[in-house]
Amino acid sequence: MSTVVQECYVLADWLNWLARLGKEKAEAATSDYLKWDAIARSAGRLGPARQHRKQQVVWSFYHHLRSDSELGAATAGFFGQISNVRVSDSGVEEWSMKLRRRGGGTRRNPIVPSDEEVERVLDKLGEHDNPFLAERNFLIGQVEAKVGLRAMGAESLNIATLDAMLASEGIQVSGGSVGRLGSDKAEQIRIRMELSRLLRSGRSVMEAVVVEKGGKRREVEMPIDLAKRLLDHVWGRRYALVRNRRGAGRRHDGRLFLSFTDAAPLTRGTIKDLVKVAFVASGVRGSGHALRASYLTRKAIDLLQEARRRYGNNFSPEDLMSELARLAGHNHRKTLKSYLDVARLREAMLQDLD
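Residues numbered from 1 in each chain as written. Predicted model: local features only at pLDDT ≥ 70, side-chain atom pairs only at ≥ 80, totals over all residues. Heavy atoms only, no water.

A. Representation of the environment of proline 113 within the structure. For proline 113, the position within the fold is in the loop between β2 (91–97) and α5 (115–125). Residues proline 113 and threonine 297, spaced 184 residues apart in sequence, show a C-alpha to C-alpha distance of 9.8 Å. (Helix = DSSP H or I, 4+ residues; strand = E, 2+ residues; numbered from the N terminus.)

The following block contains the structure:
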């Protein structure tokens, strides 16, 4: 939905520009487009990637009107600048985009909301009249903000993830899977007690394996408190949903986060949209990836403080980057460097407050 909104803004700006010139969309000239584009450039509002995107949106607008032979013929000259167009008496026969080379631009730090902003977004995710949706959406925000998962990682979470996580700690599950314990209260209580025992021993996280970007499997640190909440969801509202939706067993495929309508697994696109809506409603800049950025920044601060405690100022930034790469699940050095830079700034701010 957020993509559609951006496209609407671009098209509205373009059509309003034509209206100011007293023209309809089919009367556009190449010079009109270049002047409109130049105004945005001179104002410094657009980087190379966004300039390319704006051009692509306008082109797509006319491209999808190609069935109108009169419009196609009228705009063929205009689109000579940004399209390869072949027009015959029957209308437009071929359109192809002349893609501009996207400029690299300068590296910018990622959007990292403050802890208070993250909590506002999570609270907004948990605000829903439907108790199932309130709980499910809140947990989606939690796994992005507290585990650092992308939308794809949240989409991939399933019952088997929880089973393997418990097995790695030596916690045996009756029947082999937590998904079969929806009505076994005694077994649920036993597993919760085992997790509480881990917390009392000083542990705060467990290792879990998720599938993320590029279909790669990676280990993540799952907070034990969050694992207990996920299990409560599986045994509570999710169990009731699956039991009451005809054919749900064939659809959900063991996934953790399901649609309330038919108990089908949520797609990563739906997960992105849910979180984006919460950001907008909370008045916080960013989207689901900003929750992941907040997680990685907090981890970077923890790593910095631990390194300073152990080595003073003689710690190795490369060692920090390697550990952050493990937690992030990728080795893109520029991105990881950005998180470390933000962490240094926030660490300095915290020291000033102290």
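B. Focus on the packing of aromatic side chains. Applying the stated criterion across every chain, the model contains 2 aromatic pairs. Measuring from centroid to centroid gives 5.1 Å for tryptophan 14 and tryptophan 36, while their planes differ by 55°, and the two rings are tilted. In this pair, tryptophan 14 is assigned in helix α1 (residues 2–20) and tryptophan 36 in helix α2 (residues 30–42), connecting sequence segments 22 residues apart. One Lys or Arg, arginine 245, reaches over the ring of phenylalanine 260 and ends 4.7 Å from the middle of that ring. (Phe/Tyr/Trp six-rings, centres within 6.5 Å; stacked < 30°, edge-to-face > 60°. Lys NZ or Arg CZ within 6 Å of the ring centre and 35° of its normal.)

C. The arrangement of α5 in detail. Among all positions of α5, only Val118, Val121, Leu122 and Leu125 are buried. Buried residues of α5 fall within an arc of 100° about the axis and therefore sit on the same side. Where α5 is buried, its residues meet α6 (131–146), α13 (268–282) and α14 (288–311). (Buried < 20%, exposed > 50% of the residue type's maximum accessible area, 1.4 Å probe, protein only. Arc of directions from axis to C-beta. Contact = heavy atoms within 4.5 Å.)

D. Quick look at the environment of arginine 237. Note that arginine 237 resides in helix α11 (residues 237–244). Arginine 237 sits 105 residues away from phenylalanine 132 along the chain, and the two C-alpha atoms are 5.9 Å apart. In contact with arginine 237, other than residues within four places in its own chain, are Pro131, Phe132, Glu135 and Asp232. At 3.0 Å, the side chain of arginine 237 forms a polar contact with the side chain of glutamate 135. (Polar contact = N/O pair within 3.5 Å; in protein donor to acceptor, adjacent residues only side chain to side chain.)

E. How the structure looks around the pairing of strand β3 (residues 205–212). Covered by surrounding structure in β3 are Met206, Ala208, Val210 and Glu212 only, the residues Val205, Glu207, Val209 and Val211 on the alternate face being uncovered. Here β3 pairs with strand β4 (residues 216–223) via 8 bridges, running antiparallel. Residue pairing in the sheet places glutamate 207 in a bridge with glutamate 221 of β4. (Pairing = 2+ DSSP bridges.)

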